[in-house]
Amino acid sequence: MISALLKRPRRNRKSPAIRSLIQESRLHPHDLVAPLFVVEGQKVHREVKSLPDVFHLSLDQLLLECHNLAEHDIQTVLLFPVIDPSLKDEKGSYALQADNLLHRAISSIKSHFPKMTVMVDVALDPYTSHGHDGLINEEFEVLNDPTVEVLQEMACLLAEAGADVVAPSDMMDGRIKAIRAALDESNFIEVSTLSYAAKYASAFYGPFRNAVGSSNLVGDKCGYQMNPANVKEALLEAKLDEEEGADMLLIKPGLPYLDVLAKVKEQTNLPVGIYQVSGEYAQLHLAAKANLMQFEKGLMETLTAMKRAGADFIISYGSLQAAKLLNDTPF
Ligand code: PBG
């Protein structure tokens with residue numbers, strides 16, 4: 001027999017009940033945000049090729065999905081429109097059309113599910129023919145200040161349609177201040193801004209770009225999205241957005257950037273969310289398909305890791321599935 005050990009940490013792991021008793025972080029469906037893709041049409045419920053178990057939904061199906069989410073205790077959705085290529089142009093003009101697909105989707109959800117929190121991305125990429133998040137010049141450089149002016153108008157239209165939270169995701173400078181001022185001026189004082197404060201130029205957005213049809217991108221987004229090698233820059237971005245009046249911050253992608261999340265959390269008292277992006281989600285499915293892991297376990301482990309690193313909320317394509325698992329056995 002080995003001599004008496006002073007510490008035997010395994011005692012705290014000896015039964016499911018004890019393990020659960022001392023669990024430090026715990027997911028809850030209320031932490032989860034479900035991203036949803038909206039398309040024109042009726043009764044469209046079509047699986048996105050690049051994202052297993054994620055669907056393109058027409059407005060009628062979108063409402064059914066919101067019902068389903070609410071039944072499983074998910075109270076926040078993040079909407080993305082999938083725009084017909086014939087409506088895209090260099091300036092992303094369709095974003096500013098009053099009765100566009102996204103505006104109809106927001107008002108329809110809010111009229112049927114007034115308690116559901118509706119978040120929307122504010123960026124031009126679903127609407128531009130070149131796939132960039134903003135207005136460009138002849139060299140395909142994204143122009144900061146003219147883009148911010150469009151985002152101001154876009155945010156007000158989204159607020160008008162009923163959005164609760166507008167989430168600028170384009171990484172232009174000064175957009176939070178400008179959007180906040182525009183919202184306040186139009187009396188949308190209760191509409192929140194969620195800033196994608198640290199959004200990295202990531203390879204993990206691939207399946208999303210297929211899903212919204214922006215993968216024909218000309219060039220790359222390195223002139224505005226962040227370099228994956230940097231963390232101090234993320235702290236600067238987060239600080240500026242806080243000073244500009246952001247209500248919440250977001251880190252994106254998720255798992256490869258947990259250190260960024262933890263450091264931003266140390267710096268701010270604002271709520272900070274994290275986005276488990278399309279490539280991260282697709283990887284889990286592909287690994288499961290190759291019999292390398294169980295999808296459900298991989299999903300819950302990655303989401304829990306985000307919670308442990310300090311996330312106040314998590315956006316994931318697996319939110320509904322996670323909520324179902326949580327309702328069965330709290331993780
Ligand atoms: C851009 C935007 C992106 C995502 C959401 N909005 C990334 C991009 O194309 O640069 C990606 C989300 C995901 O991969 O799940 N406004």
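You'll find the structure just up there.
Keep in mind it's a predicted model, so treat the numbers as computed, not measured.

Listed as buried for helix α11 (residues 319-328) are S319, L320, A322, A323 and L326. Buried residues of α11, viewed axially, fall in a sector of 160 degrees; they line one side. Those residues of α11 hidden inside the fold are in contact with β1 (32-38), α2 (59-71), α10 (295-308) and β10 (313-316).

What follows is about the packing of aromatic side chains. A complete count under the given rule lists 10 aromatic pairs for this structure. With 5.8 Å between their ring centres and 50 degrees between their planes, F37 and F208 make a pair best called tilted. Taken as a pair, F37 in strand β1 and F208 in helix α6 (residues 206-212) lie far apart in primary sequence, 171 residues in all. Judged by relative accessible area, which is 0%, F37 ranks as buried. A relative accessible area of 12% means that F208 is categorised as buried. Among the aromatic residues, those joined into a ring-pair cluster are F37, F80, Y196, F208, Y275, Y281, F295 and Y317. Note that K199 overlies the ring of Y205, its terminal NZ or CZ placed 5.5 Å from the centroid. The ring of Y205 carries K252 above its face, with NZ or CZ at 5.1 Å from the centroid.

Further remarks concern the environment of F80. Turning to its location among the elements, F80 is positioned in strand β4 (residues 76-81). Looking at F80, the relative accessible area reads 2%, which means it is buried. C-alpha of F80 to C-alpha of A211: the two residues are 131 residues apart in sequence and 9.7 Å apart in space. Leaving out residues up to four positions away in the same chain, F80 has contacts with P35, L36, F37, V38, D121, Y196, F208, V212 and Y275.

One pass over the structure, following the stated rule, counts 10 salt bridges. With a shortest N-O distance of 3.8 Å, D241 and R175 are connected by a salt bridge. Pair noted here: D241 is in helix α7 (residues 232-243) and R175 is in helix α5 (residues 175-185), with a separation of 66 residues, a long-range link. For D241, a relative accessible area of 3% translates into the label buried. Here D247 and R180 are joined by a salt bridge, their closest N and O atoms 3.8 Å apart. In this pair, D247 is assigned in the loop between α7 and β8 (248-252) and R180 in helix α5, connecting sequence segments 67 residues apart. Looking at D247, the relative accessible area reads 32%, which means it is partly exposed. Exposure remark for R180: the relative accessible area of 13% places this residue in the buried category.

On to the site of the ligand. Neighbouring the ligand are 18 residues; D125, R209, K252, S278 and Y317 lie closest to it. In the environment of the ligand, a nitrogen atom lies 2.8 Å from a nitrogen or oxygen atom belonging to the side chain of D125. K252 places a side-chain nitrogen or oxygen 3.4 Å from a nitrogen atom of the ligand. Burial of the ligand by the protein amounts to 100% of the accessible area it has alone, namely 400 Å².

Moving on: helix α9 (residues 278-289). Look at α9: 16 Å from first C-alpha to last across 12 residues, which is about the 16 Å you get at 1.5 Å a residue. Where burial is concerned, most of α9 is hidden: nine out of the 12 residues are buried. Where the residues of α9 are buried, they touch β3 (51-57), α6, β9 (272-276) and α10. Positioned one or two residues after α9, N291 has a phi angle of 60 degrees, which is positive.

Moving on: a positive patch on the surface. A contiguous patch of positive charge on the surface is contributed by R8, R10, R11, R13 and K14. Mapped onto the secondary structure, R10 falls in the segment before α1 (16-21).

Take the packing of α10 against α11 next. Between α10 and α11, the least distance of the axes is 10 Å, while the angle of their chain directions is 95 degrees. Comparing their axes, α11 and α10 come out roughly perpendicular. Along its contact with α10, which presents F295, E296, L299, M300 and L303, the element α11 presents Q321, A322, L325 and L326. Among the residues forming the contact of α10 with α11, the class breakdown is seven nonpolar, one polar and one charged.

This brings us to unusual backbone geometry. The residue after K252, namely P253, is reached through a cis peptide bond having omega -5 degrees. On the secondary structure map, P253 appears in the loop between β8 and α8 (258-267). Phi is positive for D53, close to 70 degrees, though the residue is something other than glycine. Among the structural elements, D53 can be located in strand β3.

About the criteria used
Residues numbered from 1 in each chain as written. Predicted model: local features only at pLDDT ≥ 70, side-chain atom pairs only at ≥ 80, totals over all residues. Heavy atoms only, no water. Buried < 20%, exposed > 50% of the residue type's maximum accessible area, 1.4 Å probe, protein only. Helix = DSSP H or I, 4+ residues; strand = E, 2+ residues; numbered from the N terminus. Arc of directions from axis to C-beta. Contact = heavy atoms within 4.5 Å. Phe/Tyr/Trp six-rings, centres within 6.5 Å; stacked < 30°, edge-to-face > 60°. Lys NZ or Arg CZ within 6 Å of the ring centre and 35° of its normal. Salt bridge = Lys/Arg side-chain N within 4 Å of Asp/Glu carboxyl O. Near = heavy atom within 4 Å. Polar contact = N/O pair within 3.5 Å; in protein donor to acceptor, adjacent residues only side chain to side chain. Areas by Shrake-Rupley, 256 points an atom, 1.4 Å probe, with all protein chains shown as cover. Expected span 1.5 Å × (residues − 1). Patch = residues over 30% accessible without salt bridge, like charges linked within 9 Å, V, L, I, M, F, W, Y side chains within 5 Å. Lys, Arg positive; Asp, Glu negative; His and termini not counted. Charge placed at Lys NZ, Arg CZ, Asp CG, Glu CD. Axes fitted to C-alpha atoms, helices over the stretch in contact; angles between N-to-C directions. Parallel < 35°, antiparallel > 145°, perpendicular 65-115°, else oblique. Nonpolar A, V, L, I, M, F, W, Y, C, P; charged D, E, K, R; others polar.

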